[in-house]
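# Remarks on the overall topology
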Amino acid sequence: MSSNRELMRVQPLESIFLALSLTLLSSIGLYSQVVTFVDENGIPVSGALCYTDDHEINEISDGNGQIILTGVSGNPLLQVQILGFKSEEIFYSRLTEGVDTIQLMVDDLQMEEIVIFGRRGVLQDDIPYQIKSITQKEISSTNAQTSADALAQHADIYLQKSQMGGGSPLVRGFEANRVLLVVDGVRMNNAIYRSGHVQNAITVDASVLDQLSVIFGPNSLAYGSDALGGVVSFDTKDPAIGRQASEVNFFSRYSSANQERAMHVDYSVGGQSFGSLTSVTAVDFDDLRSGSRRDSRFPDFGKRLLFQDRIGNEDVISRNPNPNIQIGTGYGQLDLLQKFSWVPSANHHLKANIQYSTSSDIPRYDNLSELKGDVLRWAEWDYGPQNRWLTSLEYQQYADNIFFDDLTIIGALQRIDEDRITRLWQSTQRIHQREDVHVSSLTVDASKEITELIRLTYGTDLQYNSISSTATNEDIITGDRESNVLTRYASGANRYTTLGGYITLSGQSRSRSLRYLAGLRYSGIRYELLYDRDDPVSWPDVFYEGIEGSTSALTWSVGANWDFAPKWKSRLMISTAFRAPNIDDLSKIRINANEISFPNVNLKPERSQNIELGLGHEFSDRWRVDGTVFYTKLDDAILRKDGLGPNGQSIWINEGEQLRIVQNQNAQQAEIYGYSLNAAVNLGQTAKLSGSINKTIGKELLDPGRSAPLAHIPPTYGHLSASMETNRWNLELIWRYNVAKDINDFGGSVDNPDLATPIGSLGWSTWNLYTNYQLSDHLQIDVGLENITDLHYRSFGSGVSAPGRNIIVAVRGSF
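In this text the structure is predicted, and so the values were computed from the model without any measurement. (Residues numbered from 1 in each chain as written. Predicted model: local features only at pLDDT ≥ 70, side-chain atom pairs only at ≥ 80, totals over all residues. Heavy atoms only, no water.)

## Things to note about the sheet that holds strand 16 (residues 209–216)
Going by this rule: For two strands to pair, DSSP has to find at least two bridges joining them. Counting from the N terminus, the helices are the DSSP runs of H or I reaching at least four residues and the strands are the DSSP runs of E reaching at least two.
The 5 strands are arranged 10-16-17-14-15 in an open sheet whose pairing can be described as mixed. Edge positions in the sheet fall to strand 10 (131–135) and strand 15 (186–187), since each of these pairs with one other strand and no more. Two elements, strand 14 (residues 179–183) and strand 17 (residues 230–236), share 5 bridges in a ladder whose sense is parallel. Bridge pairing in strand 17 links Val 183 to Phe 234.

## Details of the environment of Leu 785
Test applied: Contacts are assigned to residue pairs that have any heavy atoms within 4.5 Å of one another.
Of note, Leu 785 is situated in strand 55 (residues 779–786). As for Leu 785 and Gly 674, which are separated by 111 residues in sequence, their C-alpha atoms are 32 Å apart. Not counting residues up to four positions away in its chain, the partners in contact with Leu 785 are Trp 767, Asn 768, Leu 769, Arg 805, Asn 806 and Ile 807.

## Some remarks on the pattern of salt bridges
Under the convention used in this document: Salt-bridge detection follows one rule: a side-chain nitrogen of Lys or Arg within 4 Å of a carboxyl oxygen of Asp or Glu. Exposure categories follow from relative accessible area, calculated using a 1.4 Å probe and restricted to protein chains: below 20% of the type maximum is buried, above 50% is exposed, and the middle band is partly exposed.
A complete count under the given rule lists 51 salt bridges for this structure. A salt bridge links Glu 474 to Arg 430, with the nearest nitrogen and oxygen atoms 3.3 Å apart. Taken as a pair, Glu 474 in strand 34 (residues 454–475) and Arg 430 in strand 33 (residues 429–449) lie far apart in primary sequence, 44 residues in all. On the accessibility criterion, Glu 474 (19% relative accessible area) is buried. By sharing partners, the salt bridges in this structure join Arg 310, Asp 315, Glu 380, Arg 423, Arg 430, Glu 474 and Arg 481 into a single network.

## Details of the sheet that holds strand 3 (residues 58–60)
How we decide: Note on definitions: angles span 0 to 180 degrees between N-to-C directions of axes, and those axes are lines fitted to C-alpha atoms, for helices only across the stretch in contact.
Taken together, the 4 strands give an open sheet; going across it, the order is 3-2-5-6, and neighbouring strands pair in antiparallel fashion. On the outer flanks of this sheet lie strand 3 and strand 6 (88–91), each paired with one strand and no other. On average, each strand axis in the sheet is tilted by 20° relative to the strand beside it, whichever way the strands run. Of the pairings in the sheet, the one linking strand 5 (residues 77–81) to strand 6 comprises 4 bridges and is antiparallel in character. Counted as the bridge partner of Leu 77 is Phe 91 from strand 6.

## Some words on empty space enclosed by the protein
Put simply, the rule reads: Residues are said to line a cavity or pocket when one of their atoms sits within 4 Å of a point; the points come from a 1 Å grid over protein atoms alone, cavities being sets where a 1.4 Å probe fits but cannot get out and pockets being open sets with protein on both sides within 12 Å along at least five of seven lines. Grid points are joined across faces, edges and corners, and a volume is the space filled by probe spheres set on the points. Under the scheme applied, nonpolar residues are Ala, Val, Leu, Ile, Met, Phe, Trp, Tyr, Cys and Pro; charged residues are Asp, Glu, Lys and Arg; polar residues are all the others, including Gly.
A complete count under the given rule lists 16 cavities of 30 Å³ or more for this structure. There is about 210 Å³ of room inside the largest cavity. Along the walls of the largest cavity sit 19 residues, with Gln 199, Asn 200, Thr 203, Gln 386 and Glu 418 positioned nearest its centre. Elements supplying a minimum of two residues to the lining of the largest cavity: strand 26 (348–359), strand 31 (387–398) and strand 32 (406–424). Counting residues per element, the lining of the largest cavity draws most heavily on strand 32, at 4 residues. Tallied by class, the residues present in the lining of the largest cavity amount to 4 nonpolar, 10 polar and 5 charged.

## Observations concerning the nonpolar core
Let me state the cut-off plainly: Here, the term nonpolar core denotes a set of buried Ala, Val, Leu, Ile, Met, Phe, Trp, Tyr and Cys residues that are joined through side-chain atoms within 4.5 Å.
Membership of the largest hydrophobic core comes to 58 residues, with the highest contact counts inside it found for Leu 151, Leu 181, Leu 212, Val 232 and Phe 234. Examining the composition of this core, we find that 4 residues originate from one element, strand 16, more than from any other. Sequence-distant contacts of Leu 151, that is, excluding residues within four places in its chain, are made with Asp 156, Ile 157, Pro 169, Leu 212, Val 214, Val 232 and Phe 234. Ile 192, Trp 539, Ala 580 and Ile 661 belong to the second largest nonpolar core, which has 33 residues in total.

What follows is the structure, given as structure tokens:
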């Protein structure tokens, strides 16, 4: 009966999605004028601003370097500007005469392009908060194995890993469900994104990314209430349109530290108004080898001395012949993407997007290496195949009417399957937990130029989550199964609905020395939980009758960029934010070390007040320094603390183990503050130096005068880089570093102190060298050498040691 009720609830939104698709397909015409901007090598230039003085044309080129022009009267002069390239002036008649590709010339005196893309493109100079954008060229330059690795290597993002098949970004002291992941304008975060560490970023294929963008802090009203720490936006490539052409890109890569064998191919074909992009990436990893050069104080830290095996019907412990090989880390993954793009007229653009990511079983290495006394605790601990489906339809319209100048509508359907397979040492009972999440969403964004200097942007978003949580217990000897097992979430129906709307007003002075914005966002959340009466736990009656709750909030932000002197830039942002507890916060049951988490359905939302100040200066045409300081005060922070079970007990017995009961609870207050500093200098036309340092401090405020360390706060970290680039050959040397973090500064079990050394997380630094050489117009070879000194290190909060010395060889081609 519950499944019928769930179907009835899902159908209305899916019907809206289908009706929207049919309406859009039937409402648009047959022809388009597309202009493509390329560099001197014919590579598309994204982020180029093309405008006329009267702003009748005001467009930013997309990931393919393309803009769609609406026909205009007369022969106006088009201005084309982008950081890193010389400005261009082009008469409109030149385009209408058939010239649809414009080559932009590099300006060596300008700094690198800094443009962010998401559901809409915006120049960084117009945004009063810190952002970081990473291009496809940067991602491929270091041959990042996953999208999570690309963030860590290029975006000044700290990364936590519980296993090799993962990567949980930390942004300004926030992690997991407090950081919003977005792919092609669609929210990835769903109702079961957990509060500890979220490894879902690896389900986005790094090989097909056009750009990665990070919005630091809770400053983007358009993206929703999850973004307390910030937004990570993954933008995949779009099909090429505007000319009759086809292109094949491929690469094959090998990495020695985990014996990576990766293959990727994408095929793009396009015409004047229609394009298609097909991408396939397959990768297989063996067990990861860590570094061998250890701190003399902890000579065995991180060694995999023993590993579990199954011989016949018996669990046995085997000795690892090479303790630097982390047995229980290898896995495989397959990523597929299909996009269609249709531009039937200059004012309309339609995109269909299908993504699928699946994996083999992914071993949870931190648990598999956990000891209970002198014996391994777990015989099995795997994530089952992690499957992510996304189907979306995006419609863009450019018009000049009373309501908007441009409009973007995205309807999306997602399905996420998460399985956990566990078995205690010498137990014959294998527990298989399954979580199936169906997500339907709709977002609408529009903007309208009020005057030449003022623009209004507004939108709305709706997301509906339906979650099924089941569990079975299988006897591995007899094959008998039973379903009277603790499920991870409520065993009946779980539903979670969010509805939001925002409006922002942005403007600038006539000299553009001052740019400002102010906005409001309303967020409303509703949840429903239901527990089955045959659960192995005797819940209170209200759990069987159904638990419902709702909450809402109005948040705001205001900020400005001020170029107060030549070559000086400043920015100030003040904002509030709000995050309601999701299904994971409210109802998760989870065993971790000697703890078991139990539901707490009385949680209140987290609310924050934030301030951010930035200052930048170009000391010359080649030398730039940017700094940011930030402060966040968090009220009713959701933290894991000692709790009670349904019968008031503090201890839970599970297969003979005594586990301490913990629950998510609202703390009184917490505060997070810190700074980041970035510098870059161009040395002539081919060489560049850059570096960064990032520091975050967080604490939970207790009674007056007392505080405790807050979880998810990384140690100070950063990098220094020296690079050289010529027409055919690029070389980059990167020094990455972390300082130590004392064990007393860990924020409880969430920070995994049991996986660090007795004194905490050790400081470390690595040297890494990357180079690529263009063999011909169509073929390139990449070579990398990471962790050159073969240092053993484990990043703060992580349960798996980082790769040791790693040789990377890749061959890339384009035809």
